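Geometric and topological summary
The residues making up each chain are set out below.
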Amino acid sequence: MQNAILQLVHQAHALSEAAAVEATDPLERKKLILADLSLHLVQAALRHPQPQPAELRRYLFSVLTVCDGFVPDLDLKAMAEVVLPPSQPNTAAAAENNVAD
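Note that the structure is predicted; figures quoted are calculated from it, not measured.

Once that is clear, we can look at the overall build of the protein chain. When helices and strands are counted, the protein chain shows five helices and zero strands. Secondary structure elements of the protein chain occur, N-terminal to C-terminal, as α-α-α-α-α. When burial is assessed residue by residue, the protein chain has 33% of its 101 residues classed as buried. A fraction of 60% describes how many contacts in the protein chain between residues 6 or more apart in sequence connect residues 24 or more apart.

In structure tokens, the structure reads:
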């Protein structure tokens with residue numbers, strides 16, 4: 001079942017990534033990047049028999065950081081920095097500026 005899910009996620013990932021690259025509206029681009037990062041999180045959860053903590057942390061941090069503007073009553077970026085300090089500076093900013101994988 002995991003392989004079937006991963007195949008569908010791979011297809012959705014390709015679509016969300018292509019759409020994010022083509023998006024001209026900043027809000028639409030941010031939504032598509034959030035979708036892309038969320039799909040990466042699904043892949044990280046299912047790709048290996050045991051999810052790898054560093055990979056999960058990286059995607060969780062990025063998802064929370066990109067979500068920050070979508071949940072105005074919570075400072076998700078600050079929460080992410082406290083709970084899941086990035087392994088590299090500007091992890092979410094890099095993800096937002098360069099849709100990868």
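Picking up after the structure, the text goes on.
What follows is about the side chain of His-40. Among the structural elements, His-40 can be located in helix α2 (residues 26–46). Looking at His-40, its side chain comes within polar contact range of the side chain of Tyr-59, at 3.4 Å.

Turning our eyes to something else, we now look at a nonpolar patch on the surface. Side chains of Met-1, Ile-5 and Val-42 sit close together on the surface and give an oily, nonpolar patch of about 300 Å² of accessible area. Topologically, Val-42 is positioned in helix α2.

Okay, the nonpolar core next. Within the largest apolar cluster, twelve residues are counted, these being Ala-20, Ala-23, Leu-32, Ile-33, Leu-34, Leu-37, Ala-44, Tyr-59, Val-63, Val-66, Cys-67 and Leu-76. No other element matches α2, which puts five residues into this core. For Leu-34, the contacting residues outside a window of four places in its chain are Val-63, Val-66, Cys-67 and Phe-70.

In total, this model carries two salt bridges according to the counting rule given. For the salt bridge of Lys-31 with Glu-28, the shortest nitrogen-to-oxygen distance reads 3.3 Å. One end of the pair, Lys-31, and the other, Glu-28, are both in helix α2, three residues apart, so they sit about a helical turn from each other. The class of Lys-31 is partly exposed, set by a relative accessible area of 40%. Classification of Glu-28 by relative accessible area gives partly exposed; the value is 34%.

Its place among the elements puts Ala-14 in helix α1 (residues 2–22). Ala-14 gets classed as partly exposed once you look at its relative accessible area, which sits at 42%. In this structure the C-alpha to C-alpha distance between Ala-14 and Leu-39, which are 25 residues apart in sequence, comes to 9.9 Å.

Here we come to the side chain of Glu-55. Counting through the fold element by element, Glu-55 comes out in helix α3 (residues 53–67). Residue classification places Glu-55 among the buried positions, given a relative accessible area of 13%. Not counting residues up to four positions away in its chain, the partners in contact with Glu-55 are Ala-44, Arg-47 and His-48.

About the thresholds
- Residues numbered from 1 in each chain as written.
- Predicted model: local features only at pLDDT ≥ 70, side-chain atom pairs only at ≥ 80, totals over all residues.
- Heavy atoms only, no water.
- Helix = DSSP H or I, 4+ residues; strand = E, 2+ residues; numbered from the N terminus.
- Buried < 20%, exposed > 50% of the residue type's maximum accessible area, 1.4 Å probe, protein only.
- Contact = heavy atoms within 4.5 Å.
- Polar contact = N/O pair within 3.5 Å; in protein donor to acceptor, adjacent residues only side chain to side chain.
- Patch = residues over 30% accessible without salt bridge, like charges linked within 9 Å, V, L, I, M, F, W, Y side chains within 5 Å.
- Areas by Shrake-Rupley, 256 points an atom, 1.4 Å probe, with all protein chains shown as cover.
- Salt bridge = Lys/Arg side-chain N within 4 Å of Asp/Glu carboxyl O.
- Core = buried A, V, L, I, M, F, W, Y, C linked by side-chain atoms within 4.5 Å.

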